[in-house]
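# Tertiary structure, described
Here's the letter readout for the chains.
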Protein chains: 2
Amino acid sequence: MDPVEILNRHNLKRTSCREGIIGVVLKANQALSENEIRNRLTGNYDRTTFYRSFKTLVQHKIIHKIVIDNQLVKYAPDNSITHNFEHAHFYCNECHSVVCMDDIPVQKYVLPNGYSNDETEVLIKGTCGICSKPEIK
Amino acid sequence: MDPVEILNRHNLKRTSCREGIIGVVLKANQALSENEIRNRLTGNYDRTTFYRSFKTLVQHKIIHKIVIDNQLVKYAPDNSITHNFEHAHFYCNECHSVVCMDDIPVQKYVLPNGYSNDETEVLIKGTCGICSKPEIK
DNA sequence: AATATATTTGCAACGTTGTTGCATTTGAAA
DNA sequence: TTTCAAATGCAACAACGTTGCAAATATATT
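The structure reproduced in this document is the subject of the present report. (Residues numbered from 1 in each chain as written. Chains lettered and ligands numbered in written order. Predicted model: local features only at pLDDT ≥ 70, side-chain atom pairs only at ≥ 80, totals over all residues. Heavy atoms only, no water.)

## Looking at the protein's contact with DNA strand C
Around DNA strand C sit 20 residues, and of these Arg18, Thr49, Arg52 and Asn70 of chain A together with Arg14 of chain B come closest. Protein-adjacent atoms of DNA strand C, using a 4 Å cutoff, are sugar or phosphate at a proportion of 59%. A distance of 3.4 Å is found between a phosphate oxygen of DNA strand C and a backbone nitrogen or oxygen belonging to Asp46 of chain A. For the surface near DNA strand C, the secondary structure elements donating two or more residues are α2 (16-27) and α4 (47-59) of chain A together with α4 (47-59) of chain B. With five residues, the top contributor of residues to the surface near DNA strand C is α4 of chain B. (Near = heavy atom within 4 Å. Polar contact = N/O pair within 3.5 Å; in protein donor to acceptor, adjacent residues only side chain to side chain. Helix = DSSP H or I, 4+ residues; strand = E, 2+ residues; numbered from the N terminus.)

Here's what the structure looks like:
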């Protein structure tokens, strides 16, 4: 999965900011916040540029955005890149990590007549495997 | 369901702001935003007071907060008042209404070993019954 | 390799949401 | 009616995100 190749495939200009974001998000084993991504990049970018890059990458379904409780925003590679179906997200109340539960497909909810279901977001909150074992922390 | 009685039951002081919020939220047939609630109140309250009232009422599980896409915040009566199990929320992409799907219980998601599941949020996005029938709009 | 052009960037300014500290007011109990 | 803890209003502030515009840059073309 090469960031440059991904940008080309989507006819997006190859800028170091976009390239960097994609690289960092793909390499991570969990969803990352704006600041976590910035800290892992070599270059320095304006916040505006960051937001615009995120927006572009989300629109092209290269990454996706996960929002927890109105305030915590994290990004992860999109379905179309690594996953293959709608999946649930897990948020750890202790360490505040967010991970894509690639193995947990989202239930097909049946809606009342006349309603259409475009997309379903599932966020499971709890304690992650590491935080629930204090002895190995 | 009397707002005054609810406040008493929770040992909360009976202020007109709290009383008003509870009354409006209980009467509504959908979740309401801060502004929608303000517009339905007679009294005028500072934004700070509003936020503090919401926080108190959420903490006491009198109302609950539903967040859509990081920006849209709505409130509805809590489970303990009207519902009796974890339920899904529906967001209409057209009219931006948010309703509690009291009849749609949340699936019990099975997590990997070591994970605990405290709470599950399900947000179904789509088109509501009214918006999908343009002829009756 | 040089040029042209549409796209992207950085900056400044702004809007919204939500919080904090503090003086004042108010609800409820004695 | 008095008392006191709790709630309110105000001012200031912080974080997040957007917009307009001039300058810089990526890519296609020559």
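## Points about the pattern of salt bridges
Residues and elements named next belong to chain A. Evaluated as defined, the whole model comprises 14 salt bridges over all chains. Here Glu34 and Arg38 are joined by a salt bridge, their closest N and O atoms 3.2 Å apart. Residue Glu34 and its partner Arg38 are both found in helix α3 (residues 34-39); the two are separated by four residues, about one turn of the helix. Look at Glu34 and you get buried, because its relative accessible area is 14%. Bridged by salt links that share partners, the residues Glu34, Arg38 and Arg47 form one connected network. (Salt bridge = Lys/Arg side-chain N within 4 Å of Asp/Glu carboxyl O. Buried < 20%, exposed > 50% of the residue type's maximum accessible area, 1.4 Å probe, protein only.)

## Concerning a negative patch on the surface
Taken together, Glu86, Asp118 and Glu119 of chain A together with Glu94 of chain B make up a surface patch of like negative charges. Looking at the element boundaries, Glu119 of chain A is found in strand β6 (residues 116-127). (Patch = residues over 30% accessible without salt bridge, like charges linked within 9 Å, V, L, I, M, F, W, Y side chains within 5 Å. Areas by Shrake-Rupley, 256 points an atom, 1.4 Å probe, with all protein chains shown as cover. Lys, Arg positive; Asp, Glu negative; His and termini not counted. Charge placed at Lys NZ, Arg CZ, Asp CG, Glu CD.)

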